[in-house]
Amino acid sequence: MIIHRHRLLMLFFAFLFCPFWASADTSDMVKRGFDLAEQQYERLYKHHTDLRKYPRSADAQGNTSFTDIHDWTGGFWPGSLWYVFEYTGADKWRDAAMKWTKSLENNQFNTSHHDIGFVMNCSYGNAYRLTGDTTFKPILIQSAKSLLTRFNPKVGAIKSWNTFPSWDGKHTYQFPVIIDNMMNLELLFLASKLSGDPVYRNVAIQHAETTLKHQYRPDFSSYHVINYDPNTGAVLSKETAQGFSDNSAWARGQAWGLYGFTVMYRETKDPKYLTAAVKMADFYTQHPRLPADKVPLWDFDVDQPGFVPNWDYHKTDFQDIPRDASAAAVTASALLELVDYLEPEQQQAYLDVAEKILRSLGSERYSSKVGENGFFLLKHSVGSIPHKGEIDVPLVYADYYYLEALTRWNDRIHQSTASLMQAWKTMNAHKAKALADFQQQKFGLFIHWGLYAIPGGIWDGKKIEDLGSPSVAEWIQLVAKIPRATYAELAPKFNPQAFDADKMVKMAKDAGMKYLVVTSKHHDGFALFDSRVSSFNVVQATPYQRDIIQELYEACLRHQLDFGVYYSHNIDWRDGSDAQYAVTKARNDLINAKTDAFGANRWDPSANSFAAYLNEKAIPQVQEILQRFPKLKYIWFDMPGLMTAEQSFRFYKTVYEGNPNVIVSERIGNGMGDYAIPGDNRIPATMETFAKPWEAIGTFNHSWGYKSYDHDWKEVDELRYWLLEIVSKGGNYMLNIGPDAQGQVVPEVKRNLGVLGRWLRTNGEAVYGSSPWIIQHDGPTTVQITDTEQREREGFHAKFTALDFWFTQKNGFVYAMALHPPADAQVKVPAIHTGQGKVTSVEILGFGKVDFGQDDKGLHLQLPKQVQDNTLGYALKIKFA
């Protein structure tokens, strides 16, 4: 338990003004695409194990065709696998993608062609993005260096093919630049971010400037090939290699340019690139010869007047003009990024085209049947008709950009803050009664218990304070950097024979507590319940072999206490990898943002991905808890750290679907909790307000888990101060205990809870079900509790007087509570002066009505002797006219 508050800026205006979110549900469209990818790629990966050959296409019989490491398409196969991993979170796809990515490592030194960007960014770029593995950084930087060897400053561009022989056979050009080359610039921008060297970025900008100047026509259709004089930079010719004619609009070339200039705007924010990208998008989306399914002809100008091919073309060779699914896939992906840079009113037309493309590609016409088409996803792509190659076939890069487009569409559905918060608000609204009931409880017991009770804050003879921070005992594994295997050796020693669920629950009830929350799994990943998805639990991994959560749940039902569980959803030092630190840092480093590693296992992270942890342990365990404990009231998530809004929402939705009446703490993350937590061992200031119900949490000493040498227990007056200060401000107080390794609670805790319980049995009416009055506290004593460290450092030395009162109200009565009676038995309550209204009756809880006086200086009365003799003070029940 550590103070960490995570707030989410709720951009609801994006929901209100973006029509995308009002469109039909498209999640099934995405799911079908990735389901097909899993089935096809499972077969392709299984049947093809030669890491020297990369899937590229398929022959007429549906047999997969391959290429070698020198080909420009080698990176698309591992890149496609990375997208499947990103969607599924299944580590088998991560491992497959990693294996094929690493097979391309030597390509970082390849200077023989311009498509090193395709090869290395689609493979290693995605690997770095999705794993954060810093060993990939030098490989990507070296790849960019290799690409720079093809840059000619006189031309201001990167050379594409080594030579280009014109179709008429009259010329062989030495510096051809093709529109495809725009796709390689993203690698250069990435290299500048990773290295800090602007040279790569500068070359990318120069290349884009040259391309925009010479490669585009007034209508923003593009030439495929521009041939330059390498010595002067002069344009020698404008031709095509793969299009219908020199002056035609080759469909995939249009897609390459649109994608490339969208990237240029992303990386530079230069408005001329955005303007160019929009015009390119309009050329495609508004073209009169774009078919209704938005999958283009392989060239927009095939067989049109004024467009004459200079290669061996025979119209009769084609019954129908071939379509190019690869061009459609690239375009859809580009449009889905482009809309992010446009005003809401500009977005919908492009989103409609992107959706139509994806629906078309997912249809039977374009999608493969399982087991066919060389195990690729899409049919009907075109490589190069002029070269008589790859006509109406699957192409690996069509698959890649199709999966990328589906990923981007999925992100728009699920990762919009506005859409997630709107869905959250709908679910949260159904919990109004549960939250109202929670607000009435006012006092609960928090229990931190697990394997960390065995070391009790000491490891290898050193106290946790001497090892580092934080100094709370349940964090011993992180602070001492204990390897996972070593820490697991504590499990066979965990045998708490003194634990008695009924006694512990009755202790809470006798203390006046109304609910109990216990750690079902803390950051160490060890569960106190029998879990089907992880054997690292109290039943399967310890000699105790009893389900502690089940026993406490049943005891709470018997003794009529509400029951809740704490669950560490983000941090799991055993199975939660590095809590996605590396991935987040990789992303943040690119924008020069800091990444907070607090809580992450960086000393011995599990080998699985964080996504796999969520899919295979965290979410299933939460589902287990909801299924096994149907009368559960609360789930106390903690330490959201680097969790995304989508991940927090996934946990919230999981809880809601399992039991819509269970409320969750704000530490689910990203503003998606049902109730707020001001902080650890922190009482909010008087002027602090909360939009949600709130709960303050505090320790009995200075640790949440059992700390064998910390005996600084809160005395009764301090506990009562906490309770009254919190309740008078409208919150709940959840007081923590940490049982020892035997399941015992120290005598001081039991004694002080007992005294507190006796006080509440007399004065609980002023506490339970109350709400704040217009004044919270009146009196000379002021205390500010800010955090665990402050209390540990400064102690608690407040001296409350007979003039210190805390106020609540309920059912038309105001309650004034004092911790101590006045020595002369003469009570003065300045806050209850005639200016507040006329008092008609005063009752002392546990005694009865008493005589009183009221004037402009306050309320006055004399305590009866039996109340005066009670050193624990009293509570007044006051009725105004």
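For every chain, the first residue of the written sequence is number 1, and numbering continues from 1 along that sequence. Per-residue local features are limited, in this predicted model, to residues with pLDDT of at least 70; the limit for side-chain atom pairs, both in listing and counting, is 80 or more; totals at the level of whole chains, interfaces and linings are taken over all residues. Side-chain metrics rest on all non-hydrogen atoms present in the structure, leaving aside hydrogens and water.

**What to know about the overall build of the protein chain**
Inference 1: Of regular secondary structure, the protein chain possesses 27 helices and 29 strands.
Inference 2: Principal axes of the C-alpha set define a box for the protein chain whose edges measure 120 × 60 × 45 Å.
Inference 3: When each of the 881 residues of the protein chain is scored for burial, the buried share is 61%.
Inference 4: The criterion used for residue contact is that any of the two residues' heavy atoms lie within 4.5 Å. Restricting to contacts in the protein chain with at least 6 residues of sequence separation, those with at least 24 account for 72%.
Inference 5: Method for areas: the Shrake-Rupley scheme with a 1.4 Å probe, in which residue coverage is limited to the protein chains shown. Just so you have it, the protein chain exposes about 33,300 Å², and 50% of that area is on carbon and sulfur atoms.
Inference 6: Put simply, the protein chain has 92 plus and 100 minus side-chain charges, and the middle of one group is 3 Å from the middle of the other. Think of it this way: any DSSP run of H or I at least four residues long counts as a helix, any run of E at least two long counts as a strand, and we number them from the N terminus. Exposure classes here rest on a 1.4 Å probe applied to the protein chains alone. A residue is buried below 20% of its type maximum, exposed above 50%, and partly exposed in between. This count recognises Lys and Arg as positive and Asp and Glu as negative, with His and chain-terminal groups excluded. Just so you know, the charge point we use is NZ for Lys, CZ for Arg, CG for Asp and CD for Glu.

**Re helix α23 (residues 645–658)**
Inference 1: Helix length check: α23, at 14 residues, gives a terminal C-alpha distance of 20 Å against a target of 20 Å (1.5 Å per residue), a fit within 8%.
Inference 2: For α23, every residue scored as buried is listed here: A645, Q647, S648, F649, F651, Y652, T654, V655 and Y656.
Inference 3: Along its buried surface, α23 packs onto α14 (417–429), α22 (610–628), β17 (634–637) and β18 (663–664). Helices are assigned an expected span. That span is 1.5 Å times one less than the residue count.

**Observations concerning the pairing of strand β28 (residues 858–862)**
Inference 1: At least two DSSP bridges between two strands are needed for those strands to be called paired. Pairing analysis gives four bridges linking strand β24 (residues 826–829) to β28, with the strands arranged antiparallel. In the sheet register, V829 faces β28, and the bridge partner there is L859.
Inference 2: Pairing geometry for strand β27 (residues 853–855) and β28, over three bridges, is antiparallel. When the bridges of β28 are listed, D855 appears paired with G858.
Inference 3: The antiparallel hairpin formed by β27 and β28 contains two residues in its connecting segment.

**Regarding the pairing of strand β9 (residues 235–239)**
Inference 1: Sheet topology note: the strand β8 (residues 225–228)/β9 ladder contains four bridges and is antiparallel. Within β9, the residue paired with V225 across the bridge is E239.
Inference 2: Connecting the antiparallel pair β8 and β9 is a turn made up of six residues, with G233 showing a positive phi of about 85°.

**A few points about the nonpolar core**
Inference 1: Think of a nonpolar core as a cluster: buried Ala, Val, Leu, Ile, Met, Phe, Trp, Tyr and Cys residues, connected wherever their side-chain atoms sit within 4.5 Å. One finds F563, I635 and Y721 to be the most contacted residues of the largest nonpolar core, which totals 137 residues.
Inference 2: Discounting chain neighbours no more than four positions away, the residues touching I635 are V565, Y567, V622, L626, V655, V662, I663, V664 and S665.
Inference 3: Of all hydrophobic cores here, the second largest spans 125 residues; its members include F34, L36, Y284 and Y400.

**Brief notes about the packing of aromatic side chains**
Inference 1: Only centres within 6.5 Å qualify two rings of Phe, Tyr or Trp (six-membered ring in Trp) as a pair; their planes then separate them into stacked at under 30 degrees, edge-to-face at over 60, and tilted for everything else. Counted under the stated rule, the structure contains 66 aromatic pairs.
Inference 2: When the centroid spacing of 5.2 Å and the interplanar angle of 25° are considered together, the rings of F690 and W694 count as stacked.
Inference 3: A connected cluster of aromatic rings, assembled from ring pairs, spans W72, F76, Y83, F118, W256, Y259, Y397, Y400 and Y401.
Inference 4: Directly above the aromatic system of Y709 lies the positively charged group of K463, at a separation of 4.6 Å from the ring centroid.
Inference 5: When the NZ atom of lysine or the CZ atom of arginine is within 6 Å of a ring's centre and also within 35 degrees of its normal, the charge is said to sit over that ring. Above the ring of F536, the side-chain terminus of R574 is found at 4.2 Å from the ring centroid.

**Some words on the environment of W72**
Inference 1: As for its position among the elements, W72 is in the loop between β2 (64–67) and α3 (76–88).
Inference 2: The exposure class of W72 is buried, given its relative accessible area of 18%.
Inference 3: Spatially, the C-alpha atoms of W72 and E688 are 60 Å apart, while their sequence positions differ by 616 residues.

**Some details on unusual backbone geometry**
Inference 1: Here S469 and P470 are connected by a cis peptide whose omega angle stands at 5°.
Inference 2: In the Ramachandran plot, F375 falls in the positive-phi region, its phi being about 70° despite a non-glycine side chain.
Inference 3: Relative to the helices and strands, F375 resides in the loop between α12 (344–361) and β10 (381–384).
Inference 4: A relative accessible area of 16% places F375 in the buried class.
Inference 5: Within the chain, N681 stands out as a residue other than glycine whose phi angle is a positive 50°.
Inference 6: In this fold, N681 is placed in the loop between β18 and β19 (695–699).
Inference 7: Assessed through its relative accessible area of 2%, N681 is described here as buried.

**Section: the sheet that holds strand β7 (residues 176–178)**
Inference 1: The sheet built from three strands is open, its strands ordered β7-β8-β9 with antiparallel pairing. The sheet terminates laterally at β7 and β9, the two strands that pair on one side only. Averaged over all pairs of adjacent strands, the angle between their axes in this sheet comes to 20°, without regard to strand direction.
Inference 2: With respect to the sheet, helix α8 (residues 199–214) is in contact with β7, β8 and β9, its orientation differing from that of β8 by roughly 105°. Interaxial angles span 0 to 180 degrees and are taken between N-to-C directions of axes, which are lines fitted to C-alpha atoms, for helices over the stretch in contact.

**Considering the sheet that holds strand β23 (residues 813–818)**
Inference 1: Sheet architecture is open: six strands sit in the order β21-β22-β23-β29-β25-β26, paired in antiparallel fashion. Lying at the two open borders of the sheet, with one neighbouring strand each, are β21 (771–778) and β26 (848–849).
Inference 2: Pairing analysis gives six bridges linking β23 to strand β29 (residues 874–880), with the strands arranged antiparallel. In the sheet register, Y815 faces β29, and the bridge partner there is K877.
Inference 3: Sheet strands in contact with helix α24 (residues 716–728) are β21, β22 (805–810) and β23, and its direction is about 45° off that of β22.

**Points about the packing of helix α19 (residues 501–510) against helix α20 (residues 548–559)**
Inference 1: The contact between α19 and α20 brings their axes to 9 Å, and the two run at 45°. Here α19 lies oblique to α20, going by the angle between them. The element α19 and its partner α20 pack so that their crossing is right-handed. Where α19 abuts α20, its residues A501, D502, V505, K506 and K509 lie against E551, L552, A555, C556, R558 and H559.
Inference 2: Following the grouping adopted for this structure description, the nonpolar residues are Ala, Val, Leu, Ile, Met, Phe, Trp, Tyr, Cys and Pro, the charged ones are Asp, Glu, Lys and Arg, and the polar ones are all others, Gly among them. Here the residues of the contact of α19 with α20 are counted per class, giving five nonpolar, one polar and five charged. For this classification, under 35 degrees means roughly parallel, over 145 means roughly antiparallel, 65 to 115 means roughly perpendicular, and everything else is oblique. For a crossing to be left-handed, the near helix must be turned anticlockwise from the far one by less than a right angle; the clockwise case is right-handed.

**What about the pattern of salt bridges?**
Inference 1: Any carboxyl oxygen of Asp or Glu within 4 Å of a side-chain nitrogen of Lys or Arg constitutes a salt bridge here. Applying the stated criterion across every chain, the model contains 47 salt bridges.
Inference 2: Linking E624 and R532 is a salt bridge whose minimum nitrogen-to-oxygen distance equals 3.8 Å. Linking E624 in helix α22 with R532 in the loop between β15 (515–521) and α20, this pair joins segments that are 92 residues apart in sequence.
Inference 3: Its relative accessible area of 2% is what places E624 among the buried residues.
Inference 4: Residue class for R532 comes out exposed when judged on its relative accessible area of 66%.

**A word on the side chain of T211**
Inference 1: Residue placement: T211 occurs in helix α8.
Inference 2: Residue T211 is classed as buried on the basis of its relative accessible area, which comes to 2%.
Inference 3: A distance of 2.9 Å separates a polar side-chain atom of T211 from the backbone oxygen of H207.
Inference 4: Dropping the residues within four chain positions of it, T211 is found in contact with I179, M182, Y216 and F261. For the purposes of these results, a polar contact is taken to be a pair of N or O atoms within 3.5 Å, where, inside protein, one atom must be able to donate a hydrogen and its partner to accept one; residues adjacent in sequence count only when each atom of the pair is a side-chain atom.

**Some words on the side chain of S471**
Inference 1: Turning to its location among the elements, S471 is positioned in the loop between α16 (464–467) and α17 (476–479).
Inference 2: S471 gets classed as buried once you look at its relative accessible area, which sits at 15%.
Inference 3: Not counting residues within four places of it along the chain, the set of residues in contact with S471 comprises I464, E465, K707 and E792.

**Quick notes on helix α11 (residues 325–338)**
Inference 1: In this model α11 runs 20 Å from its N-terminal to its C-terminal C-alpha over 14 residues, within 8% of the 20 Å that 1.5 Å per residue would give.
Inference 2: A large share of α11 lies buried, amounting to 14 of its 14 residues.

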